[in-house]
Amino acid sequence: MKRFNKIILPLFMLLVFEAVAVTLWLTKNNIFYLFNFSYIGVSLSLGIFLVMGRYRYARRVVQLLVGLYMLVFLGIIRRENMQIEGFWYYLFTGVFEAATIHYAVAKIFGPLIFGRGWCGYACWTAMVLDFLPYKVPAGPEKKKLRPVRYFTFALSLVFVAALFLSGAGNIERIIFWAFIAGNVIYYASGIILAFACKDNRAFCKYICPVTVFLKPMSYFSLFRIKCDKEKCVSCGKCKKVCPMGVDVTDNSRKRKNATECILCMECVKNCPKDAL
Ligand code: SF4
Ligand code: SF4
Ligand code: SF4
């Protein structure tokens, strides 16, 4: 990360989002895309700028700016289901809009560039979970729970497929209510799990179906936290503050929990030797 100074990285992010915004605006002839991706791009760039300037609440500010926009404005007011069932729905209807574009940018191809930045800065589920008390896990990892994500992933697909196969009427309306119900379930299970596992991000680690896309794609991420071995004194502070259990001093892509990194920068902020 050190290669990019405080201005270049936010600018790069802004340019990527502006490129998406303008391309979609012109190709789809819909100015909403210009507004939508410009807003998200500006919010994320501002967040990265503030994070790199070590402003304490930078990530919270961006989580609220993007998370509330997507949950309240896009999800509830515009009735666009941005959850995984919305993605399946638009995919089945063959419409490259709303959730399909969102997934392509934030969760499928975007992670090749910015890893799981979505999870650290934009997800409206984590926006709430990150306010809970266990910012750093206080309990052991529950490895046996990890496969649950494949079950929830399959469940979301089967649910939408069943709607189409059964010929259910007004699927669009059902998908909207699935968004509301899905969020209630996500928040409730996320909060219960956080307290049960003493880990705010337990839902992300074990249940979230989106990680089935995010994890393999972020393995190849262009942006990663790397350790300068010349400076590192092996104090272990970085690992102690990591909410995702990443072995960040190992520079290999196969390091422990490599694809769990949400680019929250806690390790970078806490390294006494500026080695990350
Ligand atoms: S893992 Fe899922 S719930 Fe957690 S931040 Fe990422 S997308 Fe959101
Ligand atoms: S906090 Fe910094 S110095 Fe300490 S182990 Fe991590 S990278 Fe090395
Ligand atoms: S603390 Fe560092 S390694 Fe852990 S998730 Fe945050 S950025 Fe990634």
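Residues numbered from 1 in each chain as written. Chains lettered and ligands numbered in written order. Predicted model: local features only at pLDDT ≥ 70, side-chain atom pairs only at ≥ 80, totals over all residues.

Considerations on the site of ligand 2
Here's step 1: Around ligand 2, 13 residues are found, and the nearest of them are Cys232, Cys235, Lys237, Cys238 and Cys271.
Here's step 2: Grouping the constituent residues of the shell around ligand 2 by class yields eight nonpolar, three polar and two charged. (Near = placed C-beta within 6 Å. Nonpolar A, V, L, I, M, F, W, Y, C, P; charged D, E, K, R; others polar.)

Describing the packing of helix α4 (residues 84–93) against helix α5 (residues 98–108)
Here's step 1: It is the contact of α4 with α5, at a shortest axis distance of 7 Å, that shows an interaxial angle of 115°. When the interaxial angle is binned, α4 and α5 end up roughly perpendicular. Of the two elements, α4 crosses α5, and the hand of that crossing is left-handed. Facing Gly86, Phe87, Tyr90 and Leu91 of α4, the residues of α5 in contact are Ala98, Ala99, Thr100 and Tyr103.
Here's step 2: For the contact of α4 with α5, the per-class residue count stands at six nonpolar, two polar and no charged. (Axes fitted to C-alpha atoms, helices over the stretch in contact; angles between N-to-C directions. Helix = DSSP H or I, 4+ residues; strand = E, 2+ residues; numbered from the N terminus. Parallel < 35°, antiparallel > 145°, perpendicular 65-115°, else oblique. Left-handed = near helix turned anticlockwise from the far one by under 90°. Contact = placed C-beta atoms within 7 Å.)

Examining the site of ligand 1
Here's step 1: Taken together, Cys119, Cys123, Thr125, Ala126, Phe203, Cys204, Cys208, Val210 and Thr211 form the complete shell of residues around ligand 1.
Here's step 2: Of all the secondary structure elements, the ones that give two or more residues to the shell around ligand 1 are α8 (124–129) and α11 (202–207).
Here's step 3: Taken together, the residues of the shell around ligand 1 sort by class into seven nonpolar, two polar and no charged.

Observations concerning helix α12 (residues 211–218)
Here's step 1: Three or more residues of α12 are buried, namely Thr211, Leu214 and Ser218. One side of α12 carries all its buried residues, which in axial view fall inside an arc of 65°. (Buried ≥ 20, exposed ≤ 12 C-beta atoms within 10 Å, placed from the backbone. Arc of directions from axis to C-beta.)

Thoughts on the packing of α4 against helix α10 (residues 171–197)
Helices that pack against each other are described as a pair by the angle of their axes relative to one another and the distance between those axes.
Here's step 1: At a closest axis distance of 9 Å, the pairing of α4 and α10 adopts a crossing angle of 160°. By the angle between their directions, the pair α4 and α10 is classed as roughly antiparallel. You can see that α4 and α10 cross each other, and the crossing is right-handed. Only Ile175, Ala178, Phe179 and Gly182 of α10 make contact with α4, whose side of the interface consists of Glu85, Gly86 and Tyr89.
Here's step 2: In the contact of α4 with α10, the residues fall into four nonpolar, two polar and one charged.

Some points on the nonpolar core
Here's step 1: The biggest cluster of nonpolar side chains holds 66 residues, and the ones touching the most others in it are Leu44, Val66, Phe203, Cys267 and Leu276.
Here's step 2: Built from parts of two domains, this core gets at least three residues from each of domain 1 (83–218) and domain 2 (225–276).
Here's step 3: The contacts of phenylalanine 203, once residues within four sequence positions are left out, are Thr125, Leu129, Ser189, Gly190, Leu193, Ala194 and Cys208. (Core = buried A, V, L, I, M, F, W, Y, C linked by C-beta atoms within 7 Å. Domains from an automatic or database assignment.)

Here we look at α10
Here's step 1: Under the 1.5 Å per step criterion, the end-to-end length of α10 is 36 Å for 27 residues, consistent within 8% with the ideal 39 Å.
Here's step 2: Inspection of α10 places Ile175, Ala178, Phe179, Gly182, Tyr186, Gly190, Leu193, Ala194 and Cys197 among the buried residues, and these make up the whole buried set.
Here's step 3: Just downstream of α10, lysine 198 is the residue with a positive phi angle, here 55°. (Expected span 1.5 Å × (residues − 1).)

Things to note about the domain arrangement of the protein chain
Interfaces are often described in size by the accessible area the parts lose on coming together.
Here's step 1: Here the protein chain is described as being made up of domain 1 (83–218) and domain 2 (225–276).
Here's step 2: Computed over C-alpha atoms, the centres of domain 1 and domain 2 are 26 Å apart.
Here's step 3: With 14 residues of domain 1 in contact, the opposing surface of domain 2 contributes 11 residues.
Here's step 4: Those elements that provide at least two residues to the side of domain 1 that touches domain 2 are α7 (117–121) and α12.
Here's step 5: At three residues, the largest contribution of residues to the side of domain 1 that touches domain 2 is made by α7.
Here's step 6: A per-class count over the side of domain 1 that touches domain 2 returns three nonpolar, five polar and six charged.

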